[in-house]
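Residue-level structure breakdown
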Amino acid sequence: MSRSAHPAGPRHADVLPEGHYSAPAADLNVLDEKVWSRTVTRDADGALTVGGIAVARLAEEFGTPAYFLDESDFRARCRAWADAFGPDADVFYAGKAFLSRAVVRWLKEEGLNLDVCSGGELTTALDAGMPADRIAFHGNNKTVAEIERAVEAGVGRIVLDSFQEIVRVAHIAQRHGVRQRVQIRVTVGVEAHTHEFIATAHEDQKFGIALADGQAAEAVRRALSLDGLELIGVHSHIGSQIFDMAGFEVSARRVVQLLAEIRDEHGVELPEIDLGGGLGIAYTSDDDPREPHEIAKALSDIVTRECEAAKLRTPRISVEPGRAIVGPTAFTLYEVGTIKPLEGLRTYVSVDGGMSDNIRTALYDAEYSVALVSRTSDAEPMLVRVVGKHCESGDIVVKDAFLPADLAPGDLIAVPATGAYCRSMASNYNHALRPPVVAVRDGEARVIVRRETEEDLLRLDVG
Ligand SMILES: *Cc1c(COP(=O)(O)O)cnc(C)c1O
């Protein structure tokens, strides 16, 4: 991480304001392939193309703001995860990162399974033909109606999140005359985010059942005693945007310890463990994510080692990447509107979207990159803050970045790595119309989620 408050080449001032930014890239026209999807490149005229189509054409046909999703990259990432984990493990795509019927079909075709965490996500998955036994249902407060629907559909597993839910799911399964396959979500006392993890005192949260104090062991006792449930394993999810495998190491060790305790107490070796998702991606050039095969090897080594130590058969591992699959595959395309240079500070560049299509900067202080994509420029780099059009001063899309100083209204700029948790968290704040998601592949672009219209807004407002 090379961050500096005084990068070279400032435009507006000799001393740049405090901020969390790196020096500008040597050449702002060069697209860092780490943060862009695989088929993104610049054409002979300098315009960014994705799937062989230039952004100017995409903007003309689909408007801005819009998300453009690189379908072949999405599919390649699915295959990379499936291949890395192999036939003895299961990869569940976390649908909450971004879900649509097209995405469900791609997952199905590429051999992935799917995590859902609401009735709406379950409906989308089933409607697009995902086999129910490849669906896992999560959440800390599934309603009775949602559980009924999941059990009726025959989902492959329900991840139990509380003592009450153990009983609830068991009753519903019994009423339907089935034994529902379930896992118990445990909180292992590890919380990991990006480069750090904390190994104690993170039981203070709404998800899961704590390993500490024997809570998880008690949950297992109850689940094993109920006829409606087939307990297939233990589940742990420790955080998001994680680069450091150390948190997974602690988590896997604690989960395997629990499996050993279960074997000692009940004489059963649970066949599966789920280590959750949370693997990080590159939002800026400073991020160095791991490849799926490295992650797969690290996780399988840890689990194998811990199981050998505990004299357990190695369970089948599942993982649940959301961001790591869809995040890097899309960018958001915006048109530049008002440009406001603040002398000695930075230049505010307003775009035609904002916190309604990307809440992550406001919500998590997330970092993003941005590039001028409708043309190249040889102008000096200027420090910018890319902001939206909403009535909120926290409406920031990219907090600190450099764009060419000749940027002008009407230019197209793009924010890469917006495939995850942007459209899925989009809102109608200020009655914004949520942008479309356009899948681009081999010279063809098609809308997979259409842009909202004012009629959509008025249809919900019943007067
Ligand atoms: C959110 C979530 C995931 C996916 O997290 P990513 O950071 O998108 O990989 C996986 N499993 C569970 C249980 C989750 O809540």
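In what follows, the structure referred to is the one given above.
Owing to the predicted nature of the structure, the values given are computational and were not obtained by experimental measurement.

This paragraph deals with the overall build of the protein. Tallying secondary structure elements over the protein gives twelve helices and 24 strands in all. The C-alpha atoms of the protein give 24 Å as radius of gyration, which agrees with the globular expectation for 463 residues (23 Å, within 12%). Its C-alpha atoms put the protein at 70 × 50 × 40 Å along the principal axes. For the protein, buried positions account for 56% of its 463 residues. When contacts within the protein are restricted to residue pairs at least 6 apart in sequence, those whose partners lie at least 24 apart make up 70%. Of the roughly 19,500 Å² that the protein leaves accessible, carbon and sulfur atoms contribute 48%. Each charge class in the protein can be summarised by its mean position, and for the 49 positive and 71 negative side chains these summaries are 4 Å apart.

This paragraph deals with the site of the ligand. Near the ligand you find 14 residues, and of these Lys96, Gly278, Glu320, Arg323 and Tyr421 are the closest. One of the backbone nitrogen or oxygen atoms of Gly278 is found 2.8 Å away from an oxygen atom of the ligand. Contact distances for the ligand include 2.8 Å between an oxygen atom and a backbone N or O atom of Arg323. Out of a free accessible area of 380 Å², the ligand has 91% covered by protein chains. Its residues assigned to classes, the shell around the ligand shows three nonpolar, six polar and five charged.

This part is about the pairing of strand E22 (residues 412-416). Among the five residues that make up E22, five are buried, leaving the element largely enclosed by the rest of the structure. Burial of the side chains of E22 extends over both faces: Leu412, Ala414 and Pro416 are buried on one face and Ile413 and Val415 on the other. Sheet topology places strand E17 (residues 330-341) next to E22; five bridges connect them, and they run antiparallel. Residue pairing across strands places Tyr334 opposite Ile413, the latter belonging to E22. By the bridge criterion, two bridges tie strand E19 (residues 371-372) to E22 in an arrangement that is antiparallel. Each bridged residue has a counterpart across the sheet, and for Leu372 the counterpart in E22 is Ile413.

Conventions we followed
- Residues numbered from 1 in each chain as written.
- Predicted model: local features only at pLDDT ≥ 70, side-chain atom pairs only at ≥ 80, totals over all residues.
- Heavy atoms only, no water.
- Helix = DSSP H or I, 4+ residues; strand = E, 2+ residues; numbered from the N terminus.
- Rg over C-alpha atoms; globule rule 2.2 N^0.38 Å.
- Buried < 20%, exposed > 50% of the residue type's maximum accessible area, 1.4 Å probe, protein only.
- Contact = heavy atoms within 4.5 Å.
- Areas by Shrake-Rupley, 256 points an atom, 1.4 Å probe, with all protein chains shown as cover.
- Lys, Arg positive; Asp, Glu negative; His and termini not counted.
- Charge placed at Lys NZ, Arg CZ, Asp CG, Glu CD.
- Near = heavy atom within 4 Å.
- Polar contact = N/O pair within 3.5 Å; in protein donor to acceptor, adjacent residues only side chain to side chain.
- Nonpolar A, V, L, I, M, F, W, Y, C, P; charged D, E, K, R; others polar.
- Pairing = 2+ DSSP bridges.

Everything listed here is a matter of coordinates, which is why it stays silent on function.
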